Amino acid sequence: FNLARKITFNLLSRLIKTISLLMLYAGPCTLQAQPAPAHRDTSRLQIAVMLPLYLDSAFDAGGTYRFGKTMPAYFMAGIEAYLGVLAAIDTLQMENARADIHVFDLRSDNTQAEKLIRSDTLGSMDLLMGHVTLNEAALLSKYAAGKKIPFFNLNLPNDAGSSNNPFHILLNPTLATHCKALYNHLQQTAALETVTYIQRNGPQEERLNSYLAEAEKNSAGTRLKIQRITVQDSLDNEVLLGFADSLRANKIVIASFDQVFVQKILQQLGTLPKTVKWSVAGMPNWDQWDLTKPAFHGVEITYGNTLNILPENKIAQR
């Protein structure tokens, strides 16, 4: 599994198992790609999974795949989540869960979020799940609250303006939550050291600053010793070595979501003398990048993960 597939599989499996047990249903689980019928079997759990599958653009009118032996990168998020749905269904079938899974392509003209809401297609569902944009999350969370149907937001780390909505459940931790976890991690691993905080000027960076400041304010432990460095695009090697300690791993936080900026600094650290050790902490979107490249070897890299992996699960820990 990659992250999107694993998240969808774990969440869907646990939700259906839990709800099915509470409802005391028994029977087969099926996958349906069409909207639920108006008069449905109320003994079966109805679940809508909304994904960005781009089927209309992937196939022509004759059903021929448009891209030959290639696949556009923007297809991958929806496909990986869909594979997670299939894996969850396979597991649920073996456990005789009584549920129908309805998959909607949010990039299809007929099943866009706005049209699903306007037609009330989702009104007969017991549970909504979606890999959505910010606008789609706002529409669906409002709809879910009105219908009193739980809506699980699979991918976005913010509430899309729907705070105080008990029917909108975020799977991903918010950025504020991530910053709090990052601060706690550094308290445990660098309580007696000076942490170097590297950032650029910008609204996102200011937001990160405010979240980390809030985490520091509310922390019960010893406050970290932080030295802040604001840069434009990169740092000189002399500057990096100026705050390096050859006797321990030097703790650095790179407060940025920008792949080019972050990887440039990581690569720069990798070129410095191997007698100096670097431990870099960063943002949750780093999970999407390939940080195993030889250019980054010698640099310990830490970032947040959206999955809560149980310590006793040795397979998942790998």
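It should be noted that the structure appears before, not after, this text.
Throughout what follows, the structure given in this document is the object of discussion. All residue numbers refer to position in the chain's written sequence, counted from 1. Restriction of local features to residues with pLDDT of at least 70 applies here, the model being predicted, together with a cutoff of 80 or more for giving and counting side-chain atom pairs; totals for whole chains, interfaces and linings are based on all residues. Excluded from the side-chain calculations are hydrogens and water; all other atoms, namely the structure's heavy atoms, are used.

Considering empty space enclosed by the protein
Gaps between atoms show up when a probe of the same size as a water molecule is rolled over them. Cavities and pockets were defined on a 1 Å grid built from protein atoms only: a cavity is a group of points that admits a 1.4 Å probe but offers it no way out, a pocket is an open group of points flanked by protein on both sides within 12 Å along at least five of seven lines, and a lining residue is one with an atom within 4 Å of any such point. Grid points are joined across faces, edges and corners, and a volume is the space filled by probe spheres set on the points. Within the structure shown, the criterion is met by 1 cavity of 30 Å³ or more. A volume near 60 Å³ is recorded for the largest cavity. If you list the elements that add at least two residues to the lining of the largest cavity, you get α6 (175-189), β7 (194-199) and β8 (225-230). When residues are sorted by character, Ala, Val, Leu, Ile, Met, Phe, Trp, Tyr, Cys and Pro go into the nonpolar class, Asp, Glu, Lys and Arg into the charged class, and all the rest, Gly among them, into the polar class. Looking at side-chain class alone, the lining of the largest cavity contains 8 nonpolar, no polar and 1 charged residues. By definition, any uninterrupted DSSP run of H or I lasting at least four residues is a helix, any uninterrupted run of E lasting at least two residues is a strand, and each is numbered from the N terminus.

Side note on the nonpolar core
Counting residues in each nonpolar core, the largest one holds 38 residues, and the members touching the most others are I252, I254, L266, L269, W278, V280 and W286. Looking at this core, the elements with two or more residues in it are α6, β7, α7 (203-218), β9 (250-254), α9 (259-270) and β10 (278-281). Here, two residues are considered to be in contact whenever any of their heavy atoms come within 4.5 Å of each other. Leave out the neighbours within four places in its chain, and I254 touches I198, F261, V262, I265, L266, V280, A281, G282, M283 and W286. Take the buried Ala, Val, Leu, Ile, Met, Phe, Trp, Tyr and Cys residues and link them wherever side-chain atoms come within 4.5 Å; each set so joined is a nonpolar core. Burial classes follow relative accessibility: with a 1.4 Å probe on protein chains only, a residue under 20% of its type's maximum area counts as buried, one over 50% as exposed, and anything between as partly exposed. Core analysis: the next-biggest nonpolar cluster, separate from the first, contains 18 residues, L116, L122, M125 and L140 among them.

Structural notes on the sheet that holds β9
Only strands that DSSP links by at least two bridges are regarded as paired with each other. Taken in spatial order, the 5 strands line up as β8-β7-β9-β10-β11 in an open sheet, and their pairing is parallel. With partners counted over all chains shown, the strands left at the sheet margins are β8 and β11 (299-302), one partner each. Between one strand and the next, the sheet's axes are offset by a mean angle of 25°, whatever the strand orientation. As paired elements, β7 and β9 share 3 bridges and run parallel to each other. The partner of I198 across the bridge, within β9, is I254. Only the stretch in contact is used when fitting a helix axis, every axis being a line fitted to C-alpha atoms; angles between N-to-C directions are given from 0 to 180 degrees. Helix-sheet contacts for α6 involve β7, β8, β9, β10 and β11, and the interaxial angle to β9 is about 175°. Sheet strands touched by α7: β7 and β8. Its angle to β7, the strand with the most contacts, is close to 155°.

Overview of α9
Expected helix span is given by 1.5 Å per residue-to-residue step, counting one fewer step than there are residues. Here α9 spans 16 Å end to end across 12 residues, near enough to the 16 Å set by a 1.5 Å rise per residue. Listing the buried residues of α9 in full gives F261, V262, Q263, I265, L266, Q268, L269 and G270. Where α9 is buried, its residues meet β7, α8 (237-242), β9, β10 and β11. The opening residue of α9, the one whose side-chain oxygen lies 3.1 Å from the backbone nitrogen of V260, is D258. Each polar contact in these results corresponds to two N or O atoms within 3.5 Å; when the atoms are within protein, one needs to be able to donate a hydrogen and the other to accept it, and residues that are neighboring in sequence are counted only if both atoms are side-chain atoms.

Quick word on the pattern of salt bridges
By definition here, a salt bridge exists when the distance from a side-chain nitrogen of Lys or Arg to a carboxyl oxygen of Asp or Glu is within 4 Å. A full pass over the atoms with the stated rule returns 5 salt bridges. Between R44 and D100 there is a salt bridge, with the nearest N and O atoms lying 2.7 Å from each other. One end of the pair, R44, is in the loop between β1 (29-32) and β2 (45-51); the other, D100, is in strand β3 (residues 99-105), with 56 residues separating them in the sequence. What makes R44 buried here is its relative accessible area of 9%.

Focus on the packing of aromatic side chains
Ring pairs (aromatic) are described by centroid distance and by the angle formed between their planes. Aromatic rings from Phe, Tyr and Trp, taking only the six-membered ring of Trp, are treated as a pair when their centres fall within 6.5 Å; an angle between ring planes under 30 degrees marks them as stacked, one over 60 as edge-to-face, and anything in between as tilted. For the structure shown, the criterion picks out 7 aromatic pairs. Plain terms: the ring middles of F67 and F75 are 5.6 Å apart, the flat faces sit at 85° to each other, and that makes the pair edge-to-face. A relative accessible area of 28% places F67 in the partly exposed class. Look at F75 and you get buried, because its relative accessible area is 2%. Here the aromatic cluster, defined as three or more aromatic residues joined through ring pairs, consists of Y54, F59, Y65, F67, Y74 and F75. Taking the ring centre of F261 as reference, the NZ or CZ of R200 above it sits at 4.3 Å. Criterion for a charge above a ring: Lys NZ or Arg CZ within 6 Å of the ring centre, and within 35 degrees of the ring normal. The residue whose ring lies beneath R228 is Y197, and the NZ or CZ to ring-centre distance is 4.6 Å.

Observations concerning the pairing of strand β4 (residues 127-130)
Side chains of β4 alternate between two faces, with L127 and M129 and L128 and G130 buried alike. With 4 bridges joining them, β2 and β4 adopt parallel strand pairing. When the bridges of β4 are listed, M50 appears paired with G130. Pairing geometry for β4 and strand β5 (residues 151-153), over 3 bridges, is parallel. The residue bridging G130 from the neighbouring strand is N153, located in β5. If you view a crossover with the strands going away from you and the path from the first strand over the helix to the second runs clockwise, you call it right-handed. For the segment spanning β4, helix α5 (residues 134-147) and β5, crossover handedness is right-handed.

This is a description of form; function is not addressed.
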